[in-house]
Amino acid sequence: SLPAKLINGGIAGLIGVTCVFPIDLAKTRLQNQQNGQRMYTSLSDCLIKTIRSEGYFGMYRGAAVNLTLVTPEKAIKLAANDFFRHHLSKDGKPLTLLKEMLAGCGAGTCQVIVTTPMEMLKIQLQDAGRIAAQKKLMAAQAQIPSSPAAAAAETHPTATQITRELLRSKGIAGLYKGLGATLLRDVPFSIVYFPLFANLNKLGQKDPNVKAPFYVSFLSGCVAGSTAAVAVNPCDVIKTRLQSLQRGVNEDTYSGILDCAKKIWQREGPTAFFKGAYCRALVIAPLFGIAQVVYFVGIGEFLLDMLPKRQA
């Protein structure tokens, strides 16, 4: 049922995000680095420096936004895919690859309603520490004293403060900055992920009418998720750059998707489009593996069955 699918998607998102959020934070900071003042050399370097300068919980900047909105985001994505697959297979025949891709396309399109503002806020919170650390380093090199209060405000903005400022200055459109780039990333991701997962999962089914073992669903989700994540990483880099409101020292600004892609290609080279690709694969693989296991176990159905039944 739809309520069970929504519960399954929400629980999967909460568990997955809690496990992999520090890697996602590192991915955002690595992607936003340009050829100016680079702060981090790798995933481990980023996490170590973040803990040293911002403490352990510095790795979870923006997690509250993600945990709040990931439930509807993952629920919409997974439920929409099931909805489109169901309606595309009304004739009772197995879905063709094209129909599976169309279902994934529909799921990716639906989810951006929640994904865009979630990512917009999350990126500001995740990247604030990098920009503050960069300014602190530049001030130290120039021997300029900095105010501890101002530094703290720059490092720890809140989602509420950012939302209020965006709504005041740009209206609701401010929260949907980078919508086109988000579509450019999420639609191809879903087109690759859902058909690939479905076909990998079928390999573990001994009988078409019996579910594959949970470990097959988990591994299928991991492989399909990491493959799709790397495939669309160039779009993710563009989306991250466009949604970042604050820039570091000597870092470019962009007027749109094409301008961003052109400047990255010319000034940083084609390899820049794959910045943070391994981080993104490490984030997405367990996230979607966990999601498929939650669906397999049917936690949503179990919780709904626990509710008292209304008497006829």
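As annotated in an unreviewed UniProt entry, the protein chain carries the name Mitochondrial glutamate carrier 1 and is attributed to Brachypodius melanocephalos. The Function (unreviewed entry) comment attached to the protein chain in UniProt states, word for word, "Mitochondrial glutamate/H(+) symporter. Responsible for the transport of glutamate from the cytosol into the mitochondrial matrix with the concomitant import of a proton. Plays a role in the control of glucose-stimulated insulin secretion."

Time to look at the environment of leucine 245. Relative to the helices and strands, leucine 245 is located in the loop between helix H9 (233-243) and helix H10 (257-268). What makes leucine 245 partly exposed here is its relative accessible area of 33%. Here leucine 245 is in contact with Met120, Gln124, Leu166 and Lys177, once residues within four sequence places are set aside.

Right, let's talk about the packing of aromatic side chains for a bit. Using the criterion set out here, one finds eight aromatic pairs in the structure. Plain terms: the ring middles of tyrosine 193 and phenylalanine 194 are 5.0 Å apart, the flat faces sit at 75° to each other, and that makes the pair edge-to-face. The same class applies to tyrosine 193 and to phenylalanine 194, which are both buried. Between tryptophan 265 and phenylalanine 273, the aromatic rings sit 6.3 Å apart at their centres with planes inclined by 40°, giving tilted as the arrangement. For tryptophan 265, a relative accessible area of 53% gives the class exposed. Feature note: the residues Phe21, Tyr56, Phe57 and Tyr60 constitute an aromatic cluster, connected by ring pairs.

Our next topic: the packing of helix H7 (residues 179-202) against H9. When two helices pack together, their arrangement is given by the angle between the helix axes and the distance between those axes. At their nearest, the axes of H7 and H9 sit 9 Å apart, and the two run at 160° to each other. Taken together, H7 and H9 sit at an angle that is classed as roughly antiparallel. Seen from above, H7 lies across H9 with left-handed handedness. Across the interface between the two elements, Ala181, Thr182, Leu184 and Arg185 from H7 touch Cys235, Asp236, Lys239, Leu242 and Gln243 from H9. Of the residues belonging to the contact of H7 with H9, the class tally is four nonpolar, two polar and three charged.

For the rest of this paragraph, the subject is helix H6 (residues 159-170). Across its 12 residues, H6 extends 16 Å between first and last C-alpha, which sits within 8% of the 16 Å expected from 1.5 Å per residue. At the C-terminal side of H6, glycine 171 shows a positive phi close to 75°.

On to the confidence of the model for the protein chain, then. Counting all residues, the mean pLDDT for the protein chain is 83, and 88% of those residues have values of 70 or more. Mean pLDDT across the elements of the protein chain bottoms out in helix H5 (residues 148-155) (53) and peaks in H9 (93).

A separate point is the layout of surface pockets. The volume enclosed by the largest pocket comes to roughly 900 Å³. The wall of the largest pocket is formed by 25 residues, among which Asp82, Arg85, Phe197, Ala198 and Asn201 lie closest to the centre. Looking at the lining of the largest pocket, the elements with two or more residues in it are helix H3 (63-88), H7 and helix H11 (277-297). By residue class, the composition of the lining of the largest pocket is 11 nonpolar, eight polar and six charged.

Quick notes on the rules
- Residues numbered from 1 in each chain as written.
- Predicted model: local features only at pLDDT ≥ 70, side-chain atom pairs only at ≥ 80, totals over all residues.
- Heavy atoms only, no water.
- UniProt positions renumbered as here; feature names shortened; annotations may be inferred.
- Helix = DSSP H or I, 4+ residues; strand = E, 2+ residues; numbered from the N terminus.
- Buried < 20%, exposed > 50% of the residue type's maximum accessible area, 1.4 Å probe, protein only.
- Contact = heavy atoms within 4.5 Å.
- Phe/Tyr/Trp six-rings, centres within 6.5 Å; stacked < 30°, edge-to-face > 60°.
- Axes fitted to C-alpha atoms, helices over the stretch in contact; angles between N-to-C directions.
- Parallel < 35°, antiparallel > 145°, perpendicular 65-115°, else oblique.
- Left-handed = near helix turned anticlockwise from the far one by under 90°.
- Nonpolar A, V, L, I, M, F, W, Y, C, P; charged D, E, K, R; others polar.
- Expected span 1.5 Å × (residues − 1).
- pLDDT = per-residue confidence, 0-100.
- 1 Å grid on protein atoms, 1.4 Å probe; cavity = no way out; pocket = protein on both sides within 12 Å on 5 of 7 lines; lining within 4 Å.
- Points joined across faces, edges and corners; volume = space filled by probe spheres on them.

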